[in-house]
Amino acid sequence: MMNGKGKYLIAAVGLLFFCLIFWYFSAILAYIGIAVVLSFIGRPVVDFLNKATIKKRTVPTSVSAGLTLALLWLVMIVFFRTFIPMVVEEARQLSDIDVQSAVHSLDEPIRNIEAFVSKYSTEGSNFKIKALITENLSSILKFSDISSVFGSLAGTVGGLFIALFSISFITFFFLKDSSLFVDSLVLFVPEKNEEGVRHVLDTIKNLLMRYFVGLFFEVILVGTMVTIGLTIVGMGFSHAVVIGLFAGLINVIPYIGPIIGALFGLIIGIATNLNVDFYTQVVPLLGYTALVFLIVQLIDNILFQPLIYSNSVNAHPLEIFIVILLAGSMSGILGMMLAIPAYTIFRVIAKEFFNKYRFVRKLTEKI
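Every value quoted in this text rests on a predicted model; they were computed, and no experiment measured them.

### Section: the overall build of the protein chain
- Secondary structure assignment for the protein chain yields 15 helices and two strands.
- When the 367 residues of the protein chain are sorted by exposure, 34% land in the buried category.
- Contacts in the protein chain between residues at least 24 apart in sequence constitute 68% of all its contacts with a sequence separation of at least 6.

### Section: the packing of aromatic side chains
- Tallied over the full model, the rule gives 10 aromatic pairs.
- Both rings, one in F79 and one in F80, keep their centres 5.3 Å apart while their planes meet at 80°; by these two values the pair is edge-to-face.
- With a relative accessible area of 44%, F80 lands in the partly exposed category.
- Between the aromatic rings of F216 and F217, the centroid separation amounts to 5.5 Å while the plane-to-plane angle is 80°, which identifies the pairing as edge-to-face.
- Classification of F217 by relative accessible area gives partly exposed; the value is 49%.
- Aromatic ring contacts, followed pair by pair, group F165, F169, F172 and F173 into a single cluster.

### What about a nonpolar patch on the surface?
- On the surface, a nonpolar cluster with roughly 1,000 Å² of combined accessible area is contributed by F17, F18, I21, F22, W23, Y24, F25, I28 and L29.
- Where the nonpolar patch is concerned, the elements lending two or more residues are α1 (4-24) and α2 (26-51).
- Here the nonpolar patch gets six residues from one element, more than from any other, and that element is α1.
- In this structure, F22 sits in helix α1.
- Take F22: its relative accessible area is 47%, and that puts it in the partly exposed class.

### Here's the deal with the nonpolar core
- F40, F212, I253, I320, I324 and Y343 are the most contacted members of the largest nonpolar core, which has 31 residues in total.
- Listed by contribution, the elements that provide at least two residues to this core are α2, α8 (157-176), α10 (194-232) and α14 (317-353).
- When residues in this core are grouped by element, the largest group, nine residues, is from α14.
- Apart from residues no more than four positions distant in its own chain, Y343 is found in contact with A315, E319, I320, V323 and L363.
- Of all hydrophobic cores here, the second largest spans 15 residues; its members include I243, A247, V292 and F293.

### Here's the deal with the side chain of N251
- In this fold, N251 is placed in the loop between α11 (237-250) and α12 (256-271).
- Engagement of the side chain of N251 in a polar contact is seen with the side chain of E218, the distance being 3.2 Å.
- When neighbours within four sequence positions are excluded, N251 is seen to be in contact with E218, V222, P258, Q297, D300 and Q305.

### Looking at empty space enclosed by the protein
- Per the stated rule, a full pass over the model turns up two cavities of 30 Å³ or more.
- Lining the largest cavity are V36, S39, F40, R43, F174, D177, S178, F181, K205 and M209.
- Secondary-structure elements contributing two or more residues to the lining of the largest cavity are α2 and α10.
- Here the element with the most residues in the lining of the largest cavity is α2; it accounts for four residues.
- Size it by volume and the second largest cavity reaches roughly 40 Å³.
- Sorting the residues of the lining of the second largest cavity by element identifies α10 and α13 (278-312) as the ones contributing at least two each.
- No other element matches the three residues that α13 contributes to the lining of the second largest cavity.
- Grouping the constituent residues of the lining of the second largest cavity by class yields six nonpolar, two polar and no charged.

What counts and what doesn't
- Residues numbered from 1 in each chain as written.
- Predicted model: local features only at pLDDT ≥ 70, side-chain atom pairs only at ≥ 80, totals over all residues.
- Heavy atoms only, no water.
- Helix = DSSP H or I, 4+ residues; strand = E, 2+ residues; numbered from the N terminus.
- Buried < 20%, exposed > 50% of the residue type's maximum accessible area, 1.4 Å probe, protein only.
- Contact = heavy atoms within 4.5 Å.
- Phe/Tyr/Trp six-rings, centres within 6.5 Å; stacked < 30°, edge-to-face > 60°.
- Patch = residues over 30% accessible without salt bridge, like charges linked within 9 Å, V, L, I, M, F, W, Y side chains within 5 Å.
- Areas by Shrake-Rupley, 256 points an atom, 1.4 Å probe, with all protein chains shown as cover.
- Salt bridge = Lys/Arg side-chain N within 4 Å of Asp/Glu carboxyl O.
- Core = buried A, V, L, I, M, F, W, Y, C linked by side-chain atoms within 4.5 Å.
- Polar contact = N/O pair within 3.5 Å; in protein donor to acceptor, adjacent residues only side chain to side chain.
- 1 Å grid on protein atoms, 1.4 Å probe; cavity = no way out; pocket = protein on both sides within 12 Å on 5 of 7 lines; lining within 4 Å.
- Points joined across faces, edges and corners; volume = space filled by probe spheres on them.
- Nonpolar A, V, L, I, M, F, W, Y, C, P; charged D, E, K, R; others polar.

All we've got here are geometric facts, nothing functional implied.
Dropping the structure here:
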């Protein structure tokens with residue numbers, strides 16, 4: 001009979017082998033992951049079409065899945081066709097800004113800030129904000145390589161086509177058979193654990209489906225409100241659209257995302273109004289911009305987020321904040337975006353298999 005050390009050794013080797021397989025086939029697993037998210041977003045549409053009747057005949061599931069997939073790709077094509085040119089044009093305009101001239105136009109407010117900081121800072125007159133602004137502004141506005149980026153993308157059209165075809169193919173079958181993903185995963189577990197694993201996967205699927213559908217609409221609504229608000233307060237429409245797009249996407253990171261979105265909006269507001277008086281025109285615009293983000297955040301926090309997180313995460317705000325910080329320290333912005341889905345999966349698994357521990361029971365009591 002195998003002793004305890006042998007079992008741990010086999011488990012460690014198995015885990016290492018799994019990690020190697022995961023790394024080697026990371027592209028394929030990424031396709032499956034994207035397909036799963038798309039199937040979650042499209043599932044309500046499939047369910048709606050399946051309930052519809054045409055001359056007392058129900059719509060076949062394969063037809064519902066095909067129509068939903070076509071609708072998803074239509075939305076994405078329209079989205080990229082509409083917004084990518086605006087983003088590229090915004091990048092071009094920002095790359096044309098002369099950083100030295102921009103900083104020179106802000107000489108007076110910079111001197112006032114330096115005088116204020118020098119008065120109350122331990123660094124005294126050694127504090128020079130002008131050099132700091134010049135350095136950071138140069139890195140923020142460095143879009144000179146935008147053409148080379150799109151050039152390199154053009155060189156990978158073949159790989160992109162394979163990725164899109166693979167994701168579409170997998171998504172179609174996930175939409176056609178809602179239990180396919182779960183049925184595929186349980187094949188890798190012993191039969192004695194199948195019931196528990198199936199329960200975990202069904203719970204995860206239901207929670208993440210509500211989460212991603214809610215998140216999809218939150219991104220659209222937040223981006224739209226920011227765009228409309230900034231246009232009303234006097235920001236150019238093209239600038240407002242780009243800021244709204246970025247704010248909507250980055251808003252998927254709770255707590256930190258809205259701050260990043262607001263800072264991005266303020267930076268664009270300054271960078272695109274360097275030729276006007278700072279105190280009489282730029283400062284009021286920045287104030288109105290901050291007000292727009294504040295109002296949008298209040299609406300988001302009061303209406304949107306409770307509907308999304310109360311049905312999926314069911315975790316204390318401090319938990320979410322710590323998880324996001326940990327994920328950000330390990331994987332940056334991408335880690336922050338994936339933190340909540342990953343934490344939801346972790347909590348469901350912990351509740352099913354490790355519920356005998358008091359810490360786990362406390363952590364998962366609201367699931």
